[in-house]
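The primary structure of each chain is shown beneath.
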Amino acid sequence: MTAYAHDRIGQEDPAPSGVRRRSFLGYVLGGATLVAAADLGLVDRASAAPTAPQPAELYDLNDLLTDSCRPTANLITVTVHEDGTASFALPRMEVGQGITTSSAMLIAEELELPIHKVHVTLAEARPELAFNQLTGGSNTTISTYTPIRVAAAVAKAALLDAAAIVLGDTVDNLRARGGVIQAPDGSSVTYGELATKAASVTTKAVDVQLKDTSAFRVIGVGHNRVDALEAVTGRKEYTTDLQVKGALPTMVCRAPTLNGTPKRLRNRAEILAMPGVRNVAVVDTGVAVRAETFGQCIDAIRAMRVDWNDGPVAGQSDGDIVKELRAAEVALPAPPDNPLAETIEHDFLFYFRSNSAMDTNSAVADVRTDRATVWAGLKSPITAQERIAEQLGMTPDQVTVHVVQGGGSFGRRLFFDGALEAATISQAMGKPVKLMWHRADDARVGRGHPMATSRVRVTHAGGEVLAFQQAHTSVETDFRHGLGEIISAMAADLPAGMGNLGYAETIFALTQEVPYDFGVVSQTLTETDERFNTGSMRNIYSPDVRTAGELVVDQLAAALKQDPYEFRKANLRNDRVRAVLDKVATEGQWGRPMPKGTAQGIAIHKEYKGASACLVEIDCRPRTVDRDIRDGVGGPRVTKVVHAIDVGLVVNPRGLEAQMQGGINDGIALALTSSLHLRDGHFLEASWDNYFYTRQWNTPPEVQVFVMPSDSGQPGGAGEAGVAATFAAVACAYARATGTVPAYFPINHRDPLQFTPKPVVPPIPQSPTNGLKLTY
C-alpha cells in the first residue's frame, strides 16, 4: 500500500479538544501493497514582520525552496509492507545532519509505528521531482515536514479502513498503536496483515487530519540516530565502501596551478608497467590512473611526468585577489544628512576557506556504450544526472544516479564534481571506476568559501541609530547547480547580471536580515571573479555578513556608552531573537568579572524561520604549553560556549543539539584558525594537518546548547543555524579581550606560514615525513 497527500487549504475541522486542525487531501496509490502520498499544492505562509521588513522577512530562501517543492509533493510516498514495516525513499541527501532519523520520526508519529520499523533510504535521481530533490538551505525538514506526515496519515487511514472490514467494526472504534490495530472487543490485526488488503487497485483521493501537536508522542522527543549503530561499528557504507563489480580504485594527478589542464603524459608506458596499474587516461581535469589499490594509484601519480597548461589564476596570490576585490567594491550610500550625526565604519576581510568533509569527494561510475550508472553523495542528483548525460553524449534516461549517504558536506556536495569526473574517466577507460579525491584534491581544487570583504557604516545621533549600511564584496559564489534541475542550472550560465550573479543577488537578499531598529538599513552584494571553485559553504553568506555586522554593533554600543548585551536587547525588534539573547546572557552569566586578556562575546542571528544567540568566553593570553606551532601555539582559545536556538517546532531535540555543536565548532574555526592560503596560483593547504579546523586543544571544554520552547506549529531550518552567531560571538570576544577589532578572518591567516607546504608537482619521493599520505 502506498499513500501520498494533498493540502486542502482553508478546510479546517474542529478537533475533539476544540483545537481547529487543517484537513488534508491524500491519495492511496494503486498497487499490490499500501502506498500513500501527500499533495501540497498550496500552503499559506506565516505573515510578514510588521515593521520595516527586509526582503528575507517577507519571503526568504526557505519560502522559495519550499514553494518550488509543492508541485511535486504528491510524488513523495510512504509504503507499508507485508512484514509490518514502512519504507520511505527520502528525496534528500543524508550527510550527517540526521534527516533520515527525523523523517523516520515523522512517519512513526502519524503512522503509529515504532521507529525501528520505519526504514528510510535515499531516493536515486528522479527527474520527475524537478525542484524537489535539492538538499540545501536548511530546508529539508521545513519542506518535507507536512508531505511526509500527510502521506503517513493517509497510509494509517487506509489501514484503518481495511481493519474495519477484517475486524467487523467501525473505524471510529478502532485504535492503532505500535503497528497493530485493535477493536474494543480485544481482537486485533497487524499492519503487515493489512498491507495488501489496504492497497487500492486505482488511485483514489481521501481526506485525512494530522495529529495535533498536543498529541505528539514521537515528534519533539530526543531520539538517537537510526544509523548510529552502523556508524560506530563501521558498517555504515559511504561511496568508497561500495563494492561494484569491476570498479577499481581510481585517482587523478592534477595540475600544479588551480584548474590547470594536462597537455600530455610523458611516461605513460612507465606508469602502465607499475605494480597494479590497469589503466591511464588523460581527461580535462588531469591524468587518471586505475589500479588494484588506492596506494598503487598514489604511487603512479607520484611517478607521473606531465606537461600542464597553467590554470586561470597562475602566478596570483592572496594579495592579488584582495586588490581585485577592493577594485570591485562599490561606494556605500551617503549617510543621512544630519549635522549632529556621527559615523562608525569598519572594513573586514575574509580569506578563502575549504569546506571539505571528512568523507572525501568520491564516486563510482560504470559507463557503457548505451548507458551509465553512477553512485555518489549528491545533494542535487537530478542536475548531476542531466549534466553527466550531457557530458557523455547520452540522454538523461540512459544515466542512473544513485544517491549515497555522505560523511559531511557543508555545501560542497551541492555540486557533483566527483561524479561527473568519474563518469568521464569511466567512459575514457571503458571500465568501471571507483574514484576517490585525496585530501590534497579536496583542499586545493575542491569547493571552498570565496574570499570576501564586508564594509559596514553605522550613523547615529542623539543616542539613536539613523542608518545601518553594509556592502559585501565577494569572489563569485557558484550557484550553477540551480534549484536542482537542468533548466535553473543552465540559467546560472547566462551572461553576467542575468545568470549566476542573479542567483547570488537573490539568495543574498533572501537570507540576510538585520533584526535591529537601526533606521534605514541597506545590505548589498557585489560579486566578481569566477575563476575559483566555490560553493555554498555552510550558511552561505551569513557567517561573514553577520560577523561584520555584530562587531560594529559592539563598537556602536561602546560609542553610546552602553553594555553590548543591553544595547542589543533594547534595539531588537523580534521577540524570538530577544528571547534567545536573554537566555544565553542569563545562562552564560554575561558581565561576570574576567581576567585581563580574556573576555566574553555575545551575538545573535536570525534566518531560516529561526533565531539563535551565542555567548562565548575566550582566552587570548599567551599560552605556555609547549605545543607544535602548527597547532597555533600562543593563539586564542574559546573556553566556553552558551548557545540558544529557536527553530520553531523541533522534531528531534537530540539531533538539533548535535547540529548546534557542529555549527559551534565551525564558527570557532572560521573566526580563529580555518583558511586557505593562495600562493602562485595554487592553494597551499593539502590535508587536515595543515588546514586548521577546530582541534581538540581549542575546542571549548564547556558547551551548553539550549533548545528554546516554541508555540510554532512548523519547524524552521537548523542545519546551519549554529555557525553565524558563534563566529560573530567569538570575533566580538576577541576584540574585547585584545582591545583591537580584527581586520581579517581567521585571525591566524598570517605570514610566515604556520606549516610547511607540501609539494604541488609530482614526483614526490617516499620518506618518513610523507609516507603514504594522500598528498602529492
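Residues numbered from 1 in each chain as written. Predicted model: local features only at pLDDT ≥ 70, side-chain atom pairs only at ≥ 80, totals over all residues. Heavy atoms only, no water.

### Notes on the overall build of the protein chain
1) Next: Assigned secondary structure in the protein chain consists of 19 helices and 32 strands.
2) Next: Out of the 776 residues belonging to the protein chain, those deemed buried represent 61%.
3) Next: In the protein chain, the share of contacts with a sequence separation of at least 24, taken over all contacts with a separation of at least 6, comes to 78%.
4) Next: Counting every atom, the protein chain has about 29,100 Å² of accessible surface; 52% of that belongs to carbon and sulfur. (Helix = DSSP H or I, 4+ residues; strand = E, 2+ residues; numbered from the N terminus. Buried < 20%, exposed > 50% of the residue type's maximum accessible area, 1.4 Å probe, protein only. Contact = heavy atoms within 4.5 Å. Areas by Shrake-Rupley, 256 points an atom, 1.4 Å probe, with all protein chains shown as cover.)

### A few points about the sheet that holds strand β24 (residues 464–475)
1) Next: The strand order across the open sheet built from five strands is β25-β24-β23-β16-β32, with neighbouring strands paired in mixed fashion. The open sheet has two free edges, formed respectively by β25 (520–528) and β32 (744–745), since each of these has just one partner strand.
2) Next: Most of the contacts of helix α14 (residues 500–509) go to β25, to which it runs at about 155 degrees, and overall it touches β24 and β25. (Pairing = 2+ DSSP bridges. Axes fitted to C-alpha atoms, helices over the stretch in contact; angles between N-to-C directions.)

### Topic: the packing of helix α16 (residues 564–571) against helix α17 (residues 575–587)
1) Next: The N-to-C vectors of α16 and α17 enclose an angle of 160 degrees; their axes lie 10 Å apart at closest approach. Relative to α17, the element α16 is oriented roughly antiparallel. Note on packing geometry: the crossing formed by α16 with α17 is left-handed. Of α17, the residues touching α16 (which contributes Y565, R568 and K569) are R578, L581, D582 and A585.
2) Next: Of the residues belonging to the contact of α16 with α17, the class tally is three nonpolar, no polar and four charged. (Parallel < 35°, antiparallel > 145°, perpendicular 65-115°, else oblique. Left-handed = near helix turned anticlockwise from the far one by under 90°. Nonpolar A, V, L, I, M, F, W, Y, C, P; charged D, E, K, R; others polar.)

### Remarks on the sheet that holds strand β20 (residues 399–403)
Within a beta sheet, neighbouring strands are joined by backbone hydrogen bonds and run either parallel or antiparallel to one another.
1) Next: Here seven strands make up an open sheet; going across it, the order is β13-β14-β11-β21-β18-β19-β20 and the pairing mixed. Pairing within the sheet leaves two strands with one partner each, and these edge strands are β13 (277–283) and β20. Taken over all neighbouring pairs, the strand axes of this sheet differ in orientation by 20 degrees on average, direction set aside.
2) Next: Those strands touched by helix α8 (residues 294–303) are β11 (248–253), β13, β14 (286–291) and β21 (433–436), and its axis lies near 25 degrees from that of β11.
3) Next: Relative to β20, helix α10 (residues 381–392) is tilted by about 145 degrees, and along the sheet it contacts β18 (362–367), β19 (372–376) and β20.

### What about the confidence of the model for the protein chain?
1) Next: Summing up the model confidence of the protein chain, the mean pLDDT is 89 and the portion of residues at 70 or higher is 90%.
2) Next: Throughout residues 41–51 the model reports pLDDT below 50, and contacts reaching past four residues in sequence, or to other chains, amount to 17 contacts. (pLDDT = per-residue confidence, 0-100.)

### Overview of the pairing of β11
1) Next: Across the six residues that make up β11, a large majority, six, are buried.
2) Next: The pairing of β11 with β21 spans three bridges and is classified as parallel. From the neighbouring strand, L248 faces β21, where its bridge partner is V433.
3) Next: Where β11 lies against β14, four bridges are found, and the strand directions are antiparallel. Residue pairing for β14: M251 is matched across the bridge by V289.

### Description of the packing of helix α3 (residues 99–111) against helix α4 (residues 140–167)
1) Next: The interhelical angle for the contact between α3 and α4, taken along N-to-C directions, is 35 degrees, at an axis separation of 8 Å. Note that α3 runs across α4; the crossing there is right-handed. Contact residues: I99, S102, S103, L106, I107, E110 and L111 in α3; T140, T141, T144, Y145, I148, R149, A152, A153, A155, K156 and L159 in α4.
2) Next: By residue class, the composition of the contact of α3 with α4 is 10 nonpolar, five polar and three charged.

### Considering the packing of aromatic side chains
1) Next: Here the structure, examined in full by the defined rule, presents 14 aromatic pairs.
2) Next: On the numbers, 5.6 Å between centres and 20 degrees between planes, the contact of F350 with F745 is stacked. Taken as a pair, F350 in strand β16 (residues 342–350) and F745 in strand β32 lie far apart in primary sequence, 395 residues in all. Each member of the pair F350 and F745 is classed as buried.
3) Next: On the numbers, 4.7 Å between centres and 40 degrees between planes, the contact of F352 with F532 is tilted. Of the two residues, F352 sits in the loop between β16 and β17 (353–354) while F532 sits in the loop between β25 and α15 (542–559), which places them 180 residues apart along the sequence. We note that F352, like F532, is buried.
4) Next: One Lys or Arg, R254, reaches over the ring of W437 and ends 4.4 Å from the middle of that ring.
5) Next: It is K583 that lies over the ring of F706; its NZ or CZ is 4.9 Å from the centre. (Phe/Tyr/Trp six-rings, centres within 6.5 Å; stacked < 30°, edge-to-face > 60°. Lys NZ or Arg CZ within 6 Å of the ring centre and 35° of its normal.)

### Quick notes on the pattern of salt bridges
Pairing between side chains of opposite charge can happen when the charged atoms of each approach one another.
1) Next: Summed over the entire model, instances satisfying the criterion amount to 50 salt bridges.
2) Next: R266 is the partner of D307 in a salt bridge, and the nearest nitrogen-oxygen pair spans 3.0 Å. Residue D307 is found in strand β15 (residues 306–309), and its partner R266 is found in the loop between β12 (261–265) and α7 (268–272); the two are separated by 41 residues along the sequence.
3) Next: Here R266 falls in the partly exposed class, since its relative accessible area comes to 47%.
4) Next: Among the ionic pairs, R278 bridges to E292, the shortest N-O distance being 3.4 Å. Taken together, the residues R278 in strand β13 and E292 in the loop between β14 and α8 connect sequence positions 14 residues apart.
5) Next: On the accessibility criterion, E292 (43% relative accessible area) is partly exposed.
6) Next: The structure contains a network of salt bridges with shared partners spanning R387, E390, D417, R447, E476, D478, R480, D493 and E530. (Salt bridge = Lys/Arg side-chain N within 4 Å of Asp/Glu carboxyl O.)

### Digging into the side chain of S354
1) Next: Structurally, the position occupied by S354 is in strand β17.
2) Next: A relative accessible area of 4% means that S354 is categorised as buried.

### Remarks on the nonpolar core
1) Next: Core analysis: the biggest nonpolar cluster contains 71 residues, and F518 and I618 have the highest contact counts within it.
2) Next: When residues no more than four places from it in sequence are discounted, the contact partners of F518 are V465, L466, A467, F468, V553, L556, F567 and N571.
3) Next: Residues I107, L122, I181 and V403 belong to the second largest nonpolar core, which totals 47 residues. (Core = buried A, V, L, I, M, F, W, Y, C linked by side-chain atoms within 4.5 Å.)

### With respect to the environment of I142
1) Next: Note that I142 resides in helix α4.
2) Next: Remark: the alpha-carbon pair of I142 and G716, spanning 574 residues in sequence, is separated by 5.9 Å.
3) Next: Dropping the residues within four chain positions of it, I142 is found in contact with N62, T66, Y608, K609, P715, G716 and G717.

### Observations concerning the side chain of T85
1) Next: Note that T85 resides in the loop between β4 (77–80) and β5 (86–90).
2) Next: Separated by 2.6 Å, the side chains of T85 and D83 make a polar contact.
3) Next: If sequence neighbours within four positions are ignored, T85 has contacts with T79, V80, L113, K117 and H119. (Polar contact = N/O pair within 3.5 Å; in protein donor to acceptor, adjacent residues only side chain to side chain.)

### Details of unusual backbone geometry
1) Next: Cis peptide bonds are those with omega within 30 degrees of zero, and the linkage from F745 to P746 qualifies with -5 degrees.
2) Next: A positive phi angle, near 80 degrees, is found at N539, a position not held by glycine.
3) Next: As for its placement among the helices and strands, N539 is situated in the loop between β25 and α15.
4) Next: According to the relative accessible area criterion, N539 is buried, its value standing at 1%.

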